[in-house]
Amino acid sequence: MIHIRTKEEIELIRKSALMVSATLSEVAKLLKPGITTQSIDAVAEEFIRDNGGVPSFKGYGGFPASLCMSVNDTVVHGFPSKYELRDGDIISVDCGFYKNGFHGDSAFTFAIGNVKPEVLQLLKITKESLYRGIDQAKENNRVGDIGFAIEDFTSREHPYGVVRELVGHGVGKNLHEDPQIPNYGRRGSGKRLREGMVIAIEPMINMGTREVFTWDDGWTVATKDGMPSAHFEHTTAVRKGRGENLSSFDPIELAGLKNPELNTSYYTVAPDA
Ligand code: MG
Ligand code: MG
């Protein structure tokens, strides 16, 4: 069932989504070589609970943590662990925040230190592809228009692989609702978009093959060829002209710009925003 949210409901989803952005900006302050991903997850969980929220992911289908932390060739759903971040790593950090009956869901991929230029380009293109998808999240478009825009933008000029096994989704009272939002598709195909639908758009783009596999832990998704993968996600309300983001990367990027351990060359926020 696809929900059309009221103005009041959308404001509650916005509050939760902006708390995801706030949580990810706390993460942006901490990332550096030598720090374990599980120590960052612990800080994020405390921040979420201190703000009266519940981490949407913890316990979801048995997921063990508040953040999905997916390093380098892992695509999504990585477990926070004793792994110590290294100079040159990229890490997708995905977070959900639940409060007042509604979830927000957003993800950002960070670059630790001296990341190769071609990997930074993958991050830049993946982030841009998310906004190409959001441009299509408008009344009377169809789900396939979003996926088409993402895939067309990422694969037209780059030999990147668009992951198909995992998709975006409706988000609201449940973390994952209808409809599914694939990152590929045909123009004019799929469910019709209506103003007031709230969806999470989340391109997962691989530098090499689009093929992925799941680790023995049953969760962690990784590229088959071991090449890096990037992931950016916003919670977005369908509107008349284009999607309206309910989450924001601005606080994440502003915090990141103050962290000298991060490469921020693919950020788009103005430093004085
Ligand atoms: Mg997410
Ligand atoms: Mg999601």
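Above this text you will find the structure in question.
Just so you know, these numbers come straight off a predicted model, no measurement behind them. (Residues numbered from 1 in each chain as written. Chains lettered and ligands numbered in written order. Predicted model: local features only at pLDDT ≥ 70, side-chain atom pairs only at ≥ 80, totals over all residues. Heavy atoms only, no water.)

**Describing the packing of aromatic side chains**
Part 1 of the reasoning: Tallying each qualifying case throughout the model produces 11 aromatic pairs.
Part 2 of the reasoning: With a centroid separation of 5.5 Å and an interplanar angle of 90°, the aromatic rings of Phe108 and Tyr267 are classed as edge-to-face. Of this pair, Phe108 sits in strand S5 (residues 102-111) while Tyr267 sits in the segment after helix H5 (250-257); the two residues are 159 residues apart in sequence, bridging distant segments of the chain.
Part 3 of the reasoning: Residue classification places Phe108 among the buried residues on the basis of a relative accessible area of 0%. (Phe/Tyr/Trp six-rings, centres within 6.5 Å; stacked < 30°, edge-to-face > 60°. Helix = DSSP H or I, 4+ residues; strand = E, 2+ residues; numbered from the N terminus. Buried < 20%, exposed > 50% of the residue type's maximum accessible area, 1.4 Å probe, protein only.)

**Describing the coordination of the magnesium ion (ligand 1)**
Part 1 of the reasoning: Coordination of the magnesium ion (ligand 1) by the protein involves Asp94 (OD), Asp94 (OD), Asp105 (OD) and Glu233 (OE), with metal-donor separations of 2.0 to 2.6 Å.
Part 2 of the reasoning: Sequence spacing of the donor residues for the magnesium ion (ligand 1), all on one chain, is D-x10-D-x127-E.
Part 3 of the reasoning: Between the magnesium ion (ligand 1) and the magnesium ion (ligand 2), the interatomic distance is 3.1 Å, and Asp105 donates to each metal, bridging them. In this pair, Asp105 sits in strand S5 while Glu233 sits in the loop between strand S13 (229-231) and strand S14 (234-237), placing the two residues 128 residues apart along the sequence. An identical accessibility class is assigned to Asp105 and Glu233; each is buried. (Donors = N, O, S within 2.8 Å, 3.2 Å for Na, K, Ca; no water.)

**Side note on the side chain of Ser16**
Part 1 of the reasoning: Mapped onto the fold, Ser16 is located in helix H1 (residues 7-30).
Part 2 of the reasoning: Judged by relative accessible area, Ser16 falls into the buried class, the value being 1%.

**Notes on the coordination of the magnesium ion (ligand 2)**
For a metal bound by four donors in a tetrahedral arrangement, the ideal donor-metal-donor angle is 109.5 degrees, while six donors in an octahedral arrangement ideally sit at 90 or 180 degrees.
Part 1 of the reasoning: The magnesium ion (ligand 2) binds to the protein through Asp105 (OD), His169 (NE2), Glu202 (OE) and Glu233 (OE); the donor distances cover 2.1 to 2.2 Å.
Part 2 of the reasoning: Look at where the donors of the magnesium ion (ligand 2) fall in the sequence and you get D-x63-H-x32-E-x30-E.
Part 3 of the reasoning: Residue Glu202 is classed as buried on the basis of its relative accessible area, which comes to 7%.

**Examining the pairing of strand S4 (residues 90-99)**
Part 1 of the reasoning: Counting buried residues in S4 gives 8 out of 10 residues, a clear majority hidden from the surface.
Part 2 of the reasoning: Taken together, the 2 bridges between strand S1 (residues 54-55) and S4 define a ladder with antiparallel strand orientation. Of the residues in S4, the one forming a bridge with Pro55 is Phe97.
Part 3 of the reasoning: In the sheet, strand S2 (residues 67-71) pairs with S4 via 5 bridges, with the strands oriented antiparallel. Paired with Val71 across the strands is Ile91, a residue of S4. (Pairing = 2+ DSSP bridges.)

**Describing the nonpolar core**
Part 1 of the reasoning: In this structure, Leu31, Ile91, Phe108 and Phe110 are the most contacted members of the largest nonpolar core, which totals 55 residues.
Part 2 of the reasoning: Looking at this core element by element, the count peaks at 7 residues for helix H3 (residues 117-135).
Part 3 of the reasoning: For Phe108, the contacting residues outside a window of four places in its chain are Leu24, Ile91, Ser92, Val93, Lys127, His231, Phe232, Phe249, Ile252, Glu253, Tyr266 and Tyr267.
Part 4 of the reasoning: In terms of nonpolar packing, the next biggest core, distinct from the first, is built from 9 residues, Ile10, Ala17, Phe102 and Ala237 among them. (Core = buried A, V, L, I, M, F, W, Y, C linked by side-chain atoms within 4.5 Å. Contact = heavy atoms within 4.5 Å.)

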